[in-house]
Amino acid sequence: MDLIIKVLHITGLLPALRAHFAGAQDAPQEFTQGAIRPGSPGVYVWTDPRGAVLYIGCAVCLSARIRDQEGWVDQYVPAERWTLSVIHMFKEHQAQVSWVETADHEEALELERRLIEWHRAETGVAPPAVGWECKPGSRRERAQLWAQDLWRRVQEAEGRIP
């Protein structure tokens, strides 16, 4: 069964981005891609190739966070090793990342919350990929491990993986 969930295109986040930075000198007017200044805090948005927002996050150091996440996505092969469901979604949807730098991490946290809530106000739901945290021993981790095992068994039974 398919469920259609409305998500914003990344340009749909621009009113909230511009309102957040309203009045600030040299305020960003859009999200960027390319080289990130080392050590810059900010907010990043993962989208599918058409620009549909999958995830909104923030980081103390954008370059380190994005480099790590891109590495996880590049190395991820679901049939070999299941990882966080967020990485699975990014891989399945061929996600790409854009970002905006902020003055500090506190502003990044505030902007992240505002963008998520703007998305919710516009669509009725938060972006579909949520939650990097899966702490060892948590209920979420146990449920994730159970689902991973079931997924592998179903894939093997259907002949999708050896």
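Residues numbered from 1 in each chain as written. Predicted model: local features only at pLDDT ≥ 70, side-chain atom pairs only at ≥ 80, totals over all residues. Heavy atoms only, no water.

Colleague: Honestly, the overall build of the protein chain in this entry has me stumped. Any pointers?
Modeller: The secondary structure content of the protein chain amounts to five helices and three strands. When the elements of the protein chain are put in sequence order from the N terminus, they spell out α-β-β-α-α-β-α-α. Projecting the C-alpha coordinates of the protein chain onto the three principal axes gives extents of approximately 60 × 35 × 30 Å. Here the protein chain holds 162 residues, and the buried ones make up 41% of them. Sequence-distant contacts in the protein chain: of pairs separated by 6 or more residues, those separated by 24 or more amount to 68%. Carbon and sulfur atoms form 53% of the exposed surface of the protein chain, whose accessible area is close to 9,800 Å². Considering the protein chain, the positive charge centre built from 18 side chains and the negative charge centre built from 22 side chains are found 5 Å apart. (Helix = DSSP H or I, 4+ residues; strand = E, 2+ residues; numbered from the N terminus. Buried < 20%, exposed > 50% of the residue type's maximum accessible area, 1.4 Å probe, protein only. Contact = heavy atoms within 4.5 Å. Areas by Shrake-Rupley, 256 points an atom, 1.4 Å probe, with all protein chains shown as cover. Lys, Arg positive; Asp, Glu negative; His and termini not counted. Charge placed at Lys NZ, Arg CZ, Asp CG, Glu CD.)

Colleague: What am I meant to see in a nonpolar patch on the surface here?
Modeller: Judged by side-chain polarity, Leu3, Ile5 and Val125 come together as a nonpolar surface patch covering roughly 280 Å² of accessible area. One can find Ile5 in the segment before helix H1 (14-20). (Patch = residues over 30% accessible without salt bridge, like charges linked within 9 Å, V, L, I, M, F, W, Y side chains within 5 Å. Salt bridge = Lys/Arg side-chain N within 4 Å of Asp/Glu carboxyl O.)

Colleague: Would you take a moment to explain the nonpolar core for this structure?
Modeller: Across soluble globular proteins, you tend to see nonpolar side chains buried next to one another. Counting 19 residues, the largest nonpolar core has Leu13, Phe31, Val43, Ile56 and Leu115 as the members making the most contacts within it. If you list the elements that add at least two residues to this core, you get H1, strand E1 (42-47), strand E2 (53-59) and helix H4 (105-123). Ranked by residues supplied to this core, first place goes to H4 with four residues. With sequence-adjacent residues up to four places away left out, Val43 is seen in contact with Ile56, Gly57, Cys58, Leu62, Ser98, Trp99, Val100, Ala108, Leu111, Glu112 and Leu115. Counting 17 residues, the second largest nonpolar core, distinct from the first, contains Ile36, Ala59, Val97 and Trp99. (Core = buried A, V, L, I, M, F, W, Y, C linked by side-chain atoms within 4.5 Å.)

Colleague: Can you help me understand the side chain of Ser63 in this one?
Modeller: Tracing the backbone through its elements, the reader meets Ser63 in helix H2 (residues 62-75). Ser63 gets classed as buried once you look at its relative accessible area, which sits at 15%. If near-sequence neighbours (up to four positions away) are discounted, Ser63 is found in contact with Ile36, Arg37, Pro38 and Gly39.

Colleague: Quick question: what am I supposed to make of the packing of aromatic side chains here?
Modeller: Aromatic ring pairs are reported here in terms of the distance separating the ring centres and the angle at which the planes meet. Enumeration according to the criterion identifies three aromatic pairs in this entry. Residues Tyr55 and Phe90 carry aromatic rings whose centres are separated by 6.0 Å and whose planes lie at 75° to one another, so their mutual orientation is edge-to-face. Here Tyr55 is found in strand E2, whereas its partner Phe90 is found in helix H3 (residues 85-92), with 35 residues between them in sequence. The pair formed by Tyr55 and Phe90 is uniform in burial state, with each residue classed as buried. One aromatic cluster is present, formed by Tyr44, Trp46, Tyr55 and Phe90 through successive ring pairs. (Phe/Tyr/Trp six-rings, centres within 6.5 Å; stacked < 30°, edge-to-face > 60°.)

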